[in-house]
Amino acid sequence: MARLSEQALARAALTYLAEPGDPALGALLEICEPAEVLAAIKADMLPGTGPGCGDSPASRRALERALGRWRVRLPHLPGEGQIAAACRDGIRLVCPADPEWPAGLDDLGPARPYALWLRGHADLRLAGPRSVSMVGSRAATGYGAHVAGEIAADLGERGWVIVSGGV
């Protein structure tokens, strides 16, 4: 695994700080580099200017609320070494500029994922036709998590790609 670039590391960090599809973060990433956004969050500052990025009192308040949501998660942010260790353990990060990035995700505009964490060897661009999404609850019961794991394992053994937003 090659060393992740500064921008890829920032995107990895942003996946820990914001929920997928966060409109405020998506708008910021349209006008700012990921490392700039991450540095601003760490400094408790609002990055960027332009449409949807603090150019009105309402959007500034929305960004300030978003900044508060993201900063609460900063203590749980893994360090660069922890992210690199995950990548050595068979997990990889795919970012929007990477060759493996599915172009269809760009159609989501500011709601597109900041980056995708992957496990396995399937090429993400080619995996779509033989994939299934696993959607559940963050507060799943032990039994629910067990059944979901069994289903995912069975599908994986049959060559299906499992797509999940879960942690």
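Structural data are supplied above this passage.
So, here's what we can say about the structure.

Turning our attention to the environment of P102. Tracing the sequence through the fold places P102 in the loop between strand 1 (91–94) and strand 2 (116–119). Distance from P102 to R69, taken between C-alpha atoms, is 28 Å for residues 33 residues apart in sequence. Residues contacting P102, with those up to four places away along its chain left out, are L116, L124 and R125.

In this section: the pairing of strand 3 (residues 131–134). Pairing geometry for strand 3 and strand 4 (residues 161–164), over 4 bridges, is parallel. Considered in strand 4, the bridge of S133 is made with V163. Each parallel crossover has a hand, and the one from strand 3 via helix 7 (residues 142–157) to strand 4 is right-handed.

In this model helix 1 (residues 6–17) runs 17 Å from its N-terminal to its C-terminal C-alpha over 12 residues, within 8% of the 16 Å that 1.5 Å per residue would give. Looking at helix 1, one finds that the buried residues are A8, L9, A10, R11, A12, A13, L14 and L17.

Each value, and the rule that gives it
Residues numbered from 1 in each chain as written. Predicted model: local features only at pLDDT ≥ 70, side-chain atom pairs only at ≥ 80, totals over all residues. Heavy atoms only, no water. Helix = DSSP H or I, 4+ residues; strand = E, 2+ residues; numbered from the N terminus. Contact = heavy atoms within 4.5 Å. Pairing = 2+ DSSP bridges. Right-handed = clockwise from strand over helix to strand, strands pointing away. Expected span 1.5 Å × (residues − 1). Buried < 20%, exposed > 50% of the residue type's maximum accessible area, 1.4 Å probe, protein only.

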